[in-house]
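What the coordinates show
Spelled out, the chains give:
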Number of protein chains: 2
Amino acid sequence: MLDDGAQPPGGALYRKVAADLRESIAAGEYGSGGKLPAESALAERYGVSRGTIRQALSALRADGLVTSRRGTRRVVLGTTRVQSFAELVSFTNWARSLGEEPGGRVELLERRPADAEECEQLRLDDGADVVLVLRVRTLTGRPVMVERSVYPVWVGELLTGIPADAVSHTEPLQEQGVVFADADHTIDLVLADEEDARLLGCRAGEPLLRERRRSTDPVGAPLEWSEDRYLPGTVAFTVHNSIGRSALSRRHRSAP
Amino acid sequence: MLDDGAQPPGGALYRKVAADLRESIAAGEYGSGGKLPAESALAERYGVSRGTIRQALSALRADGLVTSRRGTRRVVLGTTRVQSFAELVSFTNWARSLGEEPGGRVELLERRPADAEECEQLRLDDGADVVLVLRVRTLTGRPVMVERSVYPVWVGELLTGIPADAVSHTEPLQEQGVVFADADHTIDLVLADEEDARLLGCRAGEPLLRERRRSTDPVGAPLEWSEDRYLPGTVAFTVHNSIGRSALSRRHRSAP
DNA sequence: TGTGCCATGTTGGCTATACAACTTCCGTCA
DNA sequence: TGACGGAAGTTGTATAGCCAACATGGCACA
């Protein structure tokens, strides 16, 4: 038990405890709807302080795996959940975790001046350049999504050396020290334009699920501003939130 | 400073600190991209321990308001964000927070045996009854969303006494001690059927943004299983996630 | 000039303790 | 039998302290 296997801040004790508890829960050790041992009991079992246990449980709580209420033991909510942040930011990681073969092709990679929204999103000065990458992503050969990403030049020029049929873009970036730490996602619906239709092999005007995403590094510097358009029926987005911890919100759009 | 104004577990010190910091950030006191004071400085300012400050900052971190990295002071990511959990679960609260007039009409309220998925989602035995509520929701008179919710009978029968034109359903439930604590959302795309078209005043086959939601109480008991269908262009869902704290996930659907 | 090292500031992680608030259950008493 | 009350168990909140890991800037040295 207490197997290792995390890379971000790696060796933290509470992460190992959390990982072990996740496994136990997924294995049904406490049943679905069953009660977890008390914090003090877990502290003794793992040989750590109650504070560390609480740190671990807080992570499970945020993932929606367990409840937490003053006065009673924690209850198992779901038996499995959660994708790592890496699986969300990287299409490649996600596909692999599904057992599907990720693919993709760069349709366009160019450097050009940023427009108003790109400046806003990437916090660039007016007139600054950005690198635009247009890619079609496939799952086991089938086109699933078209991705239009713009990067600040200092990020984008790291991508110019990558072959056009490279499976992953985020992995080489990570290797060069670019760390994706935060992301804001906006999900709505959009109709395919002619370019979408051509790239995805659908008809123009067909509805697509759109995810716009702004990713930042640990310091808060914008790394990527991307608009992904998914063919319907291929993906769904799931979110968990709880009272006092709601990363999800619903936004109104008065002007279509 | 340190204004009150939270109702769930109300009086916690770290919540007041967090609320105060939120205000300061929203007021631009540290600038966008600016540095927050050190934890120790904040601890002294508020007259609390560093642990309490860290608890408050952890909440802001989860909301994506500030960064956190070992070695450097925290940086302001965004100036404003976040809706309370109540605004997400309740259409009424949400609409009010937008300054729009929420409306709605119950098209159908009936008690009937649950089907297979409803049993699964609400953790009911086979053959158990559920209460189905079909409602059209309007924003300042304009129909925006159709909501199909099923409740376990013990929740549903609390709704039967409510007038058909009642604005909110969740509020009367809360008053009777039903607390919504956790929710799982799945967002995807669906085409309007005849009923949707009739209720929303659109054409059948038109694309709609669908949110399926399962809400549970603090003990983990399912309270509601709902499917909401939004007219395109009226809403967008936004999610924030960060490395190590990802409540969002992307799911594959192999069989449409 | 430029490079590398070190002191300092800052957050992450962990422990220990104490009390408050709440739930559950059991036993007592009417 | 039923209601009330209290004891025990459990999580929430807060404090204090310690060290490690990391970032930054300045200083010394080549």
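Refer to the preceding data block for the structure.
For the structure given in this document, a descriptive report is provided here. As a convention, each chain's residues are numbered from 1 in the sequence order in which they are written. Each chain takes a letter, starting from A, and each ligand takes a number, starting from 1, following the order in which they are written. Predicted model: local features are reported for residues with pLDDT of at least 70 only, side-chain atom pairs are reported and counted for 80 or more only, and whole-chain, interface and lining totals are derived from all residues. Heavy atoms throughout the structure, all of them, feed into the side-chain values; hydrogens and water do not.

1. Concerning the protein's contact with DNA strand C
The cutoff for a nearby residue is simple: one of its non-hydrogen atoms must lie within 4 Å of the molecule or strand. Taken together, 24 residues form the shell around DNA strand C, and within it A:L13, A:S49, A:T52, B:R54 and B:T72 come nearest. Restricting attention to atoms of DNA strand C within 4 Å of the protein, one finds that 72% of them are sugar or phosphate atoms. Residue B:R50 places a side-chain N or O atom 3.0 Å away from a base nitrogen belonging to DNA strand C. Secondary structure elements are taken from DSSP: a helix is a run of H or I of four residues or more, a strand is a run of E of two residues or more, and numbering for both begins at the N terminus. Mapped onto the surface near DNA strand C, the elements with two or more residues apiece are helix 1 (13-26) and helix 3 (50-62) of chain A together with helix 3 (50-62) of chain B. Ranked by the residues each element gives to the surface near DNA strand C, the list is headed by helix 3 of chain A, at 3 residues. Polar contacts, as used here, are pairs of N or O atoms within 3.5 Å; protein pairs need one atom able to donate a hydrogen and one able to accept it. Residues neighboring in sequence count only if both atoms are side-chain atoms.

2. Digging into the pairing of strand 7 (residues 235-242) of chain B
Each residue is assigned to one of three classes by its accessible area relative to the maximum for its type, calculated with a 1.4 Å probe on protein chains only: buried under 20%, partly exposed between the two thresholds, exposed over 50%. Counted residue by residue, strand 7 of chain B has 8 buried out of 8 residues, so it is predominantly covered. The alternating pattern of strand 7 of chain B places B:V235, B:F237, B:V239 and B:N241 on one face and B:A236, B:T238, B:H240 and B:S242 on the opposite face, and all of these are buried. Here strand 4 (residues 182-191) of chain A pairs with strand 7 of chain B via 6 bridges, running antiparallel. Looking across to strand 7 of chain B, one finds that A:D182 is bridged to B:S242. Strand pairing is assigned whenever DSSP detects at least two bridges linking the two strands.

3. What about the protein's contact with DNA strand D?
Close contacts around DNA strand D come from 23 residues, with A:R54, A:T72, B:L13, B:S49 and B:T52 the closest. Ranked by the residues each element gives to the surface near DNA strand D, the list is headed by helix 3 of chain B, at 3 residues. Basically, the charged four are Asp, Glu, Lys and Arg, the nonpolar ten are Ala, Val, Leu, Ile, Met, Phe, Trp, Tyr, Cys and Pro, and anything else, Gly included, counts as polar. The residue makeup of the surface near DNA strand D, split by class, is 5 nonpolar, 8 polar and 10 charged.

4. A short note on the pairing of strand 3 (residues 142-152) of chain B
All names here are of chain B. Of all 11 residues that make up strand 3, 9 are buried, and the element is covered over most of its length. For strand 2 (residues 129-139) and strand 3, the ladder comprises 10 bridges, and the chain directions are antiparallel. For T138, the partnering residue across the bridge sits in strand 3 and is P143. Linking two consecutive strands that pair antiparallel, namely strand 2 and strand 3, is a turn of 2 residues; a positive phi of about 50° is found at T140 within it. As defined by bridge partners, strand 3 adjoins strand 6 (residues 222-230) across 6 bridges and the pair is classed as antiparallel. Paired with M145 across the strands is Y230, a residue of strand 6.

5. Overview of the interface of chain A and chain B
The contact rule is simple, with two residues in contact once any of their heavy atoms fall within 4.5 Å. Facing 68 residues of chain A, the contacting portion of chain B comprises 68 residues. Summing both sides of the interface, chain A and chain B together bury roughly 6,600 Å²; the carbon and sulfur share of this comes to 52%. Throughout this description, the term salt bridge denotes a Lys or Arg side-chain nitrogen within 4 Å of a carboxyl oxygen of Asp or Glu. Taken together, chain A and chain B are joined by 2 salt bridges. One salt bridge connects A:R61 with B:D182, and the closest N-O pair in it is separated by 3.2 Å. Taken together, the links from chain A to chain B amount to 18 residue pairs in polar contact (both at pLDDT 80 or more). Looking at the side of chain A that touches chain B, the elements with two or more residues in it are helix 3, helix 4 (85-89), helix 5 (91-98), strand 4, strand 5 (207-216), strand 7 (235-242) and strand 8 (248-252) of chain A. Accessible area, probed at 1.4 Å, shrinks when two parts are joined; the buried area is that loss added up over both.

6. Remarks on the pattern of salt bridges
Inspection of every chain in the model, using the stated rule, returns 42 salt bridges over all chains. For B:R74, the salt bridge goes to B:E39, with nearest N and O atoms at 2.7 Å. Taken together, the residues B:R74 in the loop between helix 3 and helix 4 (85-89) and B:E39 in helix 2 (residues 39-46) connect sequence positions 35 residues apart. Each of the two residues, B:R74 as well as B:E39, counts as buried. The closest approach of N and O atoms between B:R229 and B:E227, which form a salt bridge, is 2.7 Å. Each of the two residues, B:R229 as well as B:E227, counts as buried. Beyond isolated ion pairs, a larger network of salt bridges with shared partners links A:R148, A:D188, A:E195, A:D196, A:R210, A:R212, A:E227 and A:R229.

The quantities given are spatial measurements derived from coordinates; they are silent on function.
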